[in-house]
Amino acid sequence: MFRLKGDFQTLDTYSPLLFDLGARGLEERPGEVWAYFPQRIELPLPGEWVELPDTDWLEAWRRDLKPVVAGPFVVVAPWHSWTGQEKRIVLEPGMAFGTGHHETTRMALEALAQRVEPETRVLDLGTGSGILAIAAAMLGAEAVGVDVDPAVIPLARANAAANRVNPQFLTGSLGAAEGPFDLVVANLYAELHVHLAPQYPSAFGLCGVLILTGILLQREGLVREALEAQGFGLLERRQEGEWICLTYAKKG
Ligand SMILES: C[S@@+](CC[C@H](N)C(=O)[O-])C[C@H]1O[C@@H](n2cnc3c(N)ncnc32)[C@H](O)[C@@H]1O
């Protein structure tokens, strides 16, 4: 386990990186956050490694993991039971980013549910666990998930199969999937959205919807400026804690 000083709020910027580097879960303790890793790795972060007996934390983590409701969906682990009306997305947690426990994933699920209709062509850019492509497919979309990390693609495919939907998953970035798309959803980070802004219009035909998240409140201005410069009009803004999700329309 890797122990960092701070709390979930002060360490929020690190959480995507910790998951990207293989963390299986984060837990807040008084004055610190514990990041559980299956083994020690080089971490570019201030903190220290503490050895824990395997079974203790794995058992505690599984026990404490709660289903997450986001819009019409509930994200559950295979061992959870759920009797609500929500559409169940079953994911084996901890294998890739995208368990629904992060604010950005939840906001993206809510935004997707408002915009996806049967046969909408959806691109999930930075698919991770595949959660957003899976959710879009459950709403009837023709979904494609892409990710620059080839290791997540088989995990996303396995998650989709467990949910009996069949989005296409490809290694790569914006250019990897053949468009045009009606909707693009991307849970990345502010600077990457700014970098990709000139390329976003090419994913669409005449018009479309772009849902961007992974944006910290203090960097929101950068993203809005870059997207407005490309002719996107803001339709909706969501905020959960320090995290922002922006829904744009590409004007025809
Ligand atoms: C924060 S995770 C999002 C996972 C999931 N879509 C969610 O919303 O929970 C970001 C993912 O984007 C991928 N990624 C990073 N840069 C990318 C890029 N330029 N193009 C495509 N994928 C990228 C990472 O490998 C990672 O799996």
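All residue numbers refer to positions counted from 1 along the written sequence of the respective chain. Only residues with pLDDT of at least 70 are given local features in this predicted model, and only at 80 or more are side-chain atom pairs given and counted; all residues enter the totals for whole chains, interfaces and linings. Excluded from the side-chain calculation are hydrogens and water; included are all heavy atoms of the structure.

Trainee: So what's going on with the site of the ligand? Residues and values would help.
Mentor: The criterion for a residue being near a molecule or strand is simple. One of its heavy atoms has to lie within 4 Å of it. Surrounding the ligand, one finds 18 residues, the nearest of these being Thr105, Gly126, Asp147, Ser173 and Asn187. Polar contacts here mean pairs of N or O atoms no more than 3.5 Å apart (in protein, one a potential hydrogen donor and the other a potential acceptor; neighbouring residues in sequence count only if both atoms are side-chain atoms). In this structure, an oxygen atom belonging to the ligand sits 2.7 Å away from a side-chain N or O atom of Thr105. One of the side-chain N or O atoms of Ser173 is found 2.8 Å from a nitrogen atom in the ligand. Only the protein chains shown count as cover for residues, and all accessible areas are computed by the Shrake-Rupley method using a 1.4 Å probe. Considered on its own, the ligand offers 600 Å² of accessible surface; in the complex 89% of this is hidden by protein. For the shell around the ligand, the elements supplying multiple residues, two or more each, are strand S8 (121–125) and helix H4 (131–138). Residues are sorted three ways: Asp, Glu, Lys and Arg are charged, Ala, Val, Leu, Ile, Met, Phe, Trp, Tyr, Cys and Pro are nonpolar, and all the rest, Gly among them, are polar. A per-class count over the shell around the ligand returns 7 nonpolar, 8 polar and 3 charged. Counting from the N terminus, the helices are DSSP H or I runs at least four residues long and the strands are E runs at least two residues long.

Trainee: Hey, could you go over the pattern of salt bridges for me, with residue numbers and the actual values?
Mentor: One side-chain nitrogen of Lys or Arg within 4 Å of one carboxyl oxygen of Asp or Glu is enough to make a salt bridge. Summed over the entire model, instances satisfying the criterion amount to 13 salt bridges. Across the salt bridge formed by Arg238 and Glu110, the nearest N and O atoms sit 3.5 Å from each other. With Arg238 in strand S13 (residues 232–240) and Glu110 in helix H3 (residues 103–115), the pair connects residues that are 128 residues apart, well separated along the chain. Taking the shortest distance from any N to any O, the salt bridge between Glu220 and Arg237 comes out at 2.8 Å. Note that Glu220 is positioned in helix H7 (residues 220–229) and Arg237 in strand S13, a separation of 17 residues in sequence. Accessibility here uses a 1.4 Å probe with only protein chains present; expressed as a share of the type maximum, an area under 20% marks a residue as buried, one over 50% as exposed, and anything in between as partly exposed. Since its relative accessible area comes to 7%, Glu220 is described here as buried. Classification of Arg237 by relative accessible area gives partly exposed; the value is 36%. Three or more residues joined by partner-sharing salt bridges are found here, namely Arg3, Lys5, Glu32 and Glu48.

Trainee: Can you tell me about H4, naming the residues and giving the values?
Mentor: Here H4 lies mainly inside the structure; 7 of its 8 residues are buried. Those residues of H4 that fall on the buried side of the exposure criterion are Ile131, Leu132, Ala133, Ile134, Ala135, Ala136 and Ala137. Positive backbone phi, approximately 100°, marks Gly140, located one or two places after H4.

Trainee: So what's going on with the domain arrangement of the protein chain? Which residues, and what values?
Mentor: Its domain assignment divides the protein chain into domain 1 (2–52) and domain 2 (96–250). Boundaries of every domain are those given by an automatic assignment or by a domain database. Inter-centroid distance (C-alpha atoms) of domain 1 to domain 2 is 26 Å. Here domain 1 meets domain 2 over a buried area of about 530 Å², counting both sides, of which 65% is carbon and sulfur. There are 0 salt bridges connecting domain 1 and domain 2. Taken together, the links from domain 1 to domain 2 amount to 1 residue pair in polar contact (both at pLDDT 80 or more). The buried area of a pairing is the accessible area, by a 1.4 Å probe, that goes missing from both parts when the two are put together, added over both.

Trainee: Account for the UniProt feature "binding site: S-adenosyl-L-methionine" (unreviewed entry) in the protein chain, with residues named and values stated.
Mentor: UniProt positions are given in the numbering used here, feature names are shortened, and annotations may be inferred rather than shown by experiment. When the UniProt feature table is mapped onto this chain numbering, "binding site: S-adenosyl-L-methionine" (unreviewed entry) sits at Thr105, Gly126, Asp147 and Asn187. Along the chain, the position of Asp147 falls in strand S9 (residues 142–147). By relative accessible area, which is 10% here, Asp147 ends up buried. Not counting residues within four places of it along the chain, the set of residues in contact with Asp147 comprises Gly126, Thr127, Gly128, Val152, Ile153, Leu170, Thr171 and Gly172. At 2.9 Å, the side chain of Asp147 and the backbone nitrogen of Asp149 are in polar contact. Contacts are residue-level and defined by heavy atoms, with any inter-residue pair within 4.5 Å sufficient.

Trainee: Outline the sheet that holds strand S4 (residues 48–49), supporting the account with residue identities and numerical values.
Mentor: Pairing between strands requires that DSSP locate at least two bridges from one strand to the other. Overall, antiparallel pairing links the 4 strands, which are arranged S2-S3-S1-S4 in an open sheet. Since the sheet does not close on itself, it has two edges, and those belong to strand S2 (25–29) and S4, each with one partner.

Trainee: Describe helix H5 (residues 152–162), listing the residues and the values that go with them.
Mentor: Those residues of H5 not exposed but buried are Val152, Ile153, Ala156, Asn159 and Ala160. Across the axial projection of H5, the buried residues extend over an arc of 125°, all falling on one side. On its buried face, H5 sits against strand S7 (87–90), H4, S9 and strand S10 (168–171). Where H5 terminates, the next one or two residues include Arg164, which has phi positive at roughly 55°. The arc in question is the one traced by the directions running from the helix axis out to the C-beta atoms.

Trainee: Requested: an account of the pairing of S2, with residues and values cited.
Mentor: Pairing analysis gives 5 bridges linking S2 to strand S3 (residues 32–36), with the strands arranged antiparallel. Opposite Glu27, over in S3, you have Trp34 as the bridge partner. The turn joining S2 and S3, which pair antiparallel and follow one another in sequence, is formed by 2 residues; a positive phi near 75° is taken by Gly31.

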